[in-house]
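# Commentary on secondary and tertiary structure
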Amino acid sequence: MGNLLKVLTCTDLEQEPNFFLDFENAQPTDAEREVWEQVDVVLKDAKAVLDELQAYKGAGQEIREAIQNPNDEVLQEQAWAAVVPLVGKLKKFYQFSQRLEAALHSLLGALTSETYNDPTQHLEREQALAKQFAEILHFTLRFDELKMTNPAIQNDFSYYRRTLSRMRINNVPADGENEVNNELANRISLFYADATPMLKALSDGTTKFVSENKNLPIENTTDCLSTMASVCKVMLETPEYRSRFTSEETVSFCLRVMVGVIILYDYVHPVGAFAKSSKIDMKGCIKVLKDQPPNSVEGLLNALRPITSDTSSPLTVSQIYTRLA
């Protein structure tokens, strides 16, 4: 394979295969095409979702004016008119998380099947599917970064639910109620209540995949994740491989994917990513993150901190690294 370079390196864990995965140019083979096309339909909508989320301004001003003037019907109507279309967007984002979970199941089904003997062969010979898996992880972390910095999302949805409840009590018809019914509103509320909703959906989806495929050993899934983490780490820390990237954006892409698979591995594996029996070189992965410009990886380090702490306060990067030393 012209786009694939292999290297065998010794780690503290064992001698494991690490290889260059072409995240920029991998194209589907005939064997991959059916799954690839299904997932591609979902991924084509991912950029639009991120663009809409990034442009999401919220209805803060209208809501504040309505709350401060509860007897002004004009302001109440203006706030409601501003919130309803925004809730439609929030509903769209939530429904996209469900589509993303289904796409993830399709990819995991292909990448953990018994077509090949081990995850290295899967990722080596099914690079286009591995690339799509990476793109889902990249999207997921980016979505959650944007969500965490936009408090308007939860504020808008909370106001929508409170207003809708008040309308029902007063028997006032709500034109926007068909946008999100009560049952769906409960599910959406739980979704956005999580600090990292898309990652939570993906983690739950991975666990669900494992539980629904009892004929597949859980190691098929966890080994796929640990191998992907190893691939990203090696590409980032090896100048020869890193120089093959045609864009610095690919560096950020690899970093996000590495962190994403670590979190999924930690969520699915019975003892987690930081246990001594973990097949992920966590010390090496943390070092790769530490070696990047701090402002470029702060969000990724924040994503890792909660899973490394058994106390009420997440660990600092130095504390994480010290524990792994």
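Refer to the structure printed above.
Okay, so let's go over this structure. (Residues numbered from 1 in each chain as written. Predicted model: local features only at pLDDT ≥ 70, side-chain atom pairs only at ≥ 80, totals over all residues. Heavy atoms only, no water.)

## Some thoughts on the packing of helix H3 (residues 73–111) against helix H7 (residues 182–193)
If you want to describe how two helices pack, look at the angle between their axes and the distance between the axes. The condition that has to hold: Axis geometry follows a simple rule: fit a line to the C-alpha atoms, using only the stretch in contact for helices, then measure angles between N-to-C directions, giving values from 0 to 180 degrees. Segments assigned H or I by DSSP are reported as helices when at least four residues long, segments assigned E as strands when at least two residues long, and all are numbered from the N terminus. Roughly parallel means an angle under 35 degrees; roughly antiparallel, over 145; roughly perpendicular, 65 to 115; everything else is oblique. Pairs of residues are marked as contacts when any of their non-hydrogen atoms sit within 4.5 Å. Residues are grouped as follows: Ala, Val, Leu, Ile, Met, Phe, Trp, Tyr, Cys and Pro are nonpolar; Asp, Glu, Lys and Arg are charged; every other residue, Gly included, is polar.
Interhelical geometry of H3 versus H7 gives an angle of 75° and a closest axis separation of 10 Å. Here H3 lies roughly perpendicular to H7, going by the angle between them. Facing H3, whose interface residues are Leu 90, Lys 91, Phe 93, Tyr 94 and Ser 97, H7 presents Leu 184, Arg 187, Ile 188, Phe 191 and Tyr 192. A class-by-class count of the residues in the contact of H3 with H7 yields seven nonpolar, one polar and two charged.

## What to know about the pattern of salt bridges
Put simply, the test is: Just to be clear on terms, a salt bridge is a Lys or Arg side-chain nitrogen sitting within 4 Å of an Asp or Glu carboxyl oxygen. Each residue gets one of three labels from its accessible area relative to the maximum for its type: buried under 20%, exposed over 50%, partly exposed in between, using a 1.4 Å probe on protein chains only.
Summed over the entire model, instances satisfying the criterion amount to 13 salt bridges. Asp 51 is the partner of Lys 47 in a salt bridge, and the nearest nitrogen-oxygen pair spans 2.9 Å. Taken together, the positions of Lys 47 and Asp 51, both in helix H1 (residues 33–54) and four residues apart, correspond to about one turn of that helix. Since its relative accessible area comes to 37%, Asp 51 is described here as partly exposed. Between Asp 281 and Lys 233 there is a salt bridge; the shortest N-O distance is 3.5 Å. Remark: Lys 233 occurs in helix H9 (residues 218–237) and Asp 281 occurs in the loop between helix H11 (248–268) and helix H12 (282–290); sequence separation between them is 48 residues. The buried category is assigned to Lys 233, whose relative accessible area is 6%.

## Comments concerning empty space enclosed by the protein
The condition that has to hold: Definitions used throughout: a 1 Å grid over protein atoms alone; a cavity as a set of points that fits a 1.4 Å probe which cannot get out; a pocket as an open set with protein on both sides within 12 Å along at least five of seven lines; a lining residue as one with an atom within 4 Å of a point. Grid points are joined across faces, edges and corners, and a volume is the space filled by probe spheres set on the points.
Summed over all chains, the structure comprises one cavity of 30 Å³ or more. Quantified by volume, the largest cavity comes out at close to 60 Å³. In this structure, the largest cavity is lined by Leu 141, Asp 144, Glu 145, Met 148, Thr 196, Leu 199, Gly 299, Leu 300 and Ala 303. If you list the elements that add at least two residues to the lining of the largest cavity, you get helix H5 (127–148) and helix H13 (294–308). A per-element tally of the lining of the largest cavity places H5 first, with four residues. Split into classes, the residues belonging to the lining of the largest cavity amount to five nonpolar, two polar and two charged.

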